[in-house]
Structure formats: structure tokens, C-alpha cells
Amino acid sequence: MEPLTEQEIRAAFVNCTKGEAQRLSVPRDLAERPWDDLDFLGWRDPQAPDRAYLVTELDGRPTALALRSSAPAFGQTRRSLCSMCLTSHTGGVSLMVAPKAGKAGKQGNSVGAYICGDLCCSLYVRGRKDAGPGARLHETITLEEKIRRTVGNVAAFIAKVTTA
């Protein structure tokens, strides 16, 4: 993924108003992010932990989503699987819900997916971050195929949010 500026990120949101995009919390460490290893940039709002954001490149331009998530369940021992990168976590996957774009979103319609709670899918796929024993199942496909699958899953989620 190409590095993005705060202004590019704010302009990329497709499922919130321009005012909401201007008020949301953008990471201050954009220059230090591992851009070469990211298929999408994801983060949680430090002032509102139930809010998360995701931005990726689609058709050569940034596209971003505002998400809501449930609070992490303390003491959860059940393993869950991220629907984007297929990493298994004990208590580390959250249901992330995005209001649909446009008229459907204004009517209260939304789309949800189970996503790594820290939104570090790209790093888990590449082995740059460890989710613990048994988190990544052995697969016979290449790293490039795993990356393509993750990118495809993210694009499919965004398509569900942006289609009427």
C-alpha cells in the first residue's frame, strides 16, 4: 500500500459525512507505519474504543470505512476466525459493523464482518505479528495468494458497504 496523508485519509471515507470524517481520530504515526506490508490501514479510535477505521486502495485511489465494534469480551476463551485474513484468535476478533454508504446508510442499514480486533490482518498474513499458537493454519498456498485473498476479502466487504 502506498503511504497516505491525513488529508487523503479524511477525503477517502465513503460511509460518513465530511464533517464526521474531519472530526475522527487519524493515527499520528502515519510516517512510521509499515506501508510496504499493509494491504489496508486499520486503527481504533483511542478516545472511543468502539470506533474503528479502515482505509485501502481500490481502483487506484484510497477508500475508507468508518466501523463500529463491540467491546472485547473479557475472559473469552472461544477462538474466532477473522473473515479478512483467516487468522484465529482467542478473544481477538471483533464484529465490525459499517453503516452502508448513501441513502441505505441514512436509513440505518449496515454490513458487518468479523475482523481482527487490532485490524492488523496484513501483518498476521505476512508473519510480522504473531497471534499465538494455532492462529495461522498451515496452508499450501503461497504468501502472494494469501495476500490476494485478504485484499479480495477487504474489497468484497467494501463493495457490500458501497452498493445499494
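Residues numbered from 1 in each chain as written. Predicted model: local features only at pLDDT ≥ 70, side-chain atom pairs only at ≥ 80, totals over all residues. Heavy atoms only, no water.

Undergrad: Teacher, can you tell me more about the overall build of the chain here?
TA: Scanning the chain from terminus to terminus reveals 5 helices and 7 strands. Secondary structure elements of the chain, listed N to C terminal, follow the sequence α-α-β-β-β-β-β-β-α-β-α-α. In terms of overall dimensions, the chain is globule-like: its C-alpha atoms have a radius of gyration of 15 Å, near the 15 Å expected for 164 residues. Principal-axis analysis of the C-alpha atoms places the extent of the chain at approximately 45 × 35 × 30 Å. Out of the 164 residues in the chain, the part that is buried amounts to 43%. Put simply, the chain shows about 9,100 Å² of open surface, and 52% of that area lies on carbon and sulfur atoms. Positive and negative charge centroids in the chain, built from 22 and 18 side chains respectively, lie 9 Å apart. (Helix = DSSP H or I, 4+ residues; strand = E, 2+ residues; numbered from the N terminus. Rg over C-alpha atoms; globule rule 2.2 N^0.38 Å. Buried < 20%, exposed > 50% of the residue type's maximum accessible area, 1.4 Å probe, protein only. Areas by Shrake-Rupley, 256 points an atom, 1.4 Å probe, with all protein chains shown as cover. Lys, Arg positive; Asp, Glu negative; His and termini not counted. Charge placed at Lys NZ, Arg CZ, Asp CG, Glu CD.)

Undergrad: Could you clarify how one ought to interpret the side chain of D39 in this entry?
TA: Note that D39 resides in the loop between helix 2 (18–23) and strand 1 (40–45). D39 has contacts with M1, T56, S122, R126, I147, T150 and V151, leaving out every residue within four places of it along the chain. (Contact = heavy atoms within 4.5 Å.)

Undergrad: Just checking my understanding: could you explain the state of the cysteines for this structure?
TA: Here the structure, examined in full by the defined rule, presents 0 disulfides. You can see C116 has no disulfide; the closest cysteine sulfur is in C85, sitting 3.6 Å from it. Looking at the unpaired C121, the closest cysteine sulfur is the one in C82, lying at 3.6 Å. The exposure class of C121 is buried, given its relative accessible area of 0%. (Disulfide = S-S within 2.5 Å.)

Undergrad: Would you explain the nonpolar core in this entry?
TA: Buried together is how nonpolar side chains tend to be arranged in soluble globular proteins. With 44 residues, the main nonpolar core has I9, F13, W43, V55, L67, I115 and F157 as its most contacted residues. Mapped onto this core, the elements with two or more residues apiece are strand 1, strand 2 (48–58), strand 3 (61–69), strand 6 (93–99), strand 7 (110–116), helix 4 (121–125) and helix 5 (143–162). The element contributing the most residues to this core is helix 5, with 5 residues. In this view, L67 contacts D50, R51, A52, Y53, L54, M96, V97, A98, L119 and F157; residues no more than four positions away in its chain are not counted. (Core = buried A, V, L, I, M, F, W, Y, C linked by side-chain atoms within 4.5 Å.)

Undergrad: Is there a simple way to think about the packing of aromatic side chains in this case?
TA: Aromatic ring pairs are reported here in terms of the distance separating the ring centres and the angle at which the planes meet. For the structure on display, the rule yields 2 aromatic pairs. Measuring from ring centre to ring centre gives 5.9 Å for F13 and Y53, while their planes differ by 90°; the resulting arrangement is edge-to-face. With F13 in the loop between helix 1 (6–11) and helix 2 and Y53 in strand 2, this residue pair connects regions lying 40 residues apart in the sequence. Of the two residues examined, F13 and Y53, each falls in the buried class. (Phe/Tyr/Trp six-rings, centres within 6.5 Å; stacked < 30°, edge-to-face > 60°.)

Undergrad: Honestly, the sheet that holds strand 3 in this entry has me stumped. Any pointers?
TA: Strand-to-strand pairing in sheets goes through backbone hydrogen bonds, with the strands running parallel or antiparallel. The antiparallel open sheet is built from 5 strands, whose spatial order is 1-2-3-6-7. A strand with exactly one partner marks an edge of an open sheet, and here the two such strands are strand 1 and strand 7. When the angles between neighbouring strand axes are averaged without regard to direction, this sheet yields 30°. Relative to strand 3, strand 2 is paired through 8 bridges, and the arrangement is antiparallel. Residue pairing for strand 3: V55 is matched across the bridge by A64. (Pairing = 2+ DSSP bridges. Axes fitted to C-alpha atoms, helices over the stretch in contact; angles between N-to-C directions.)

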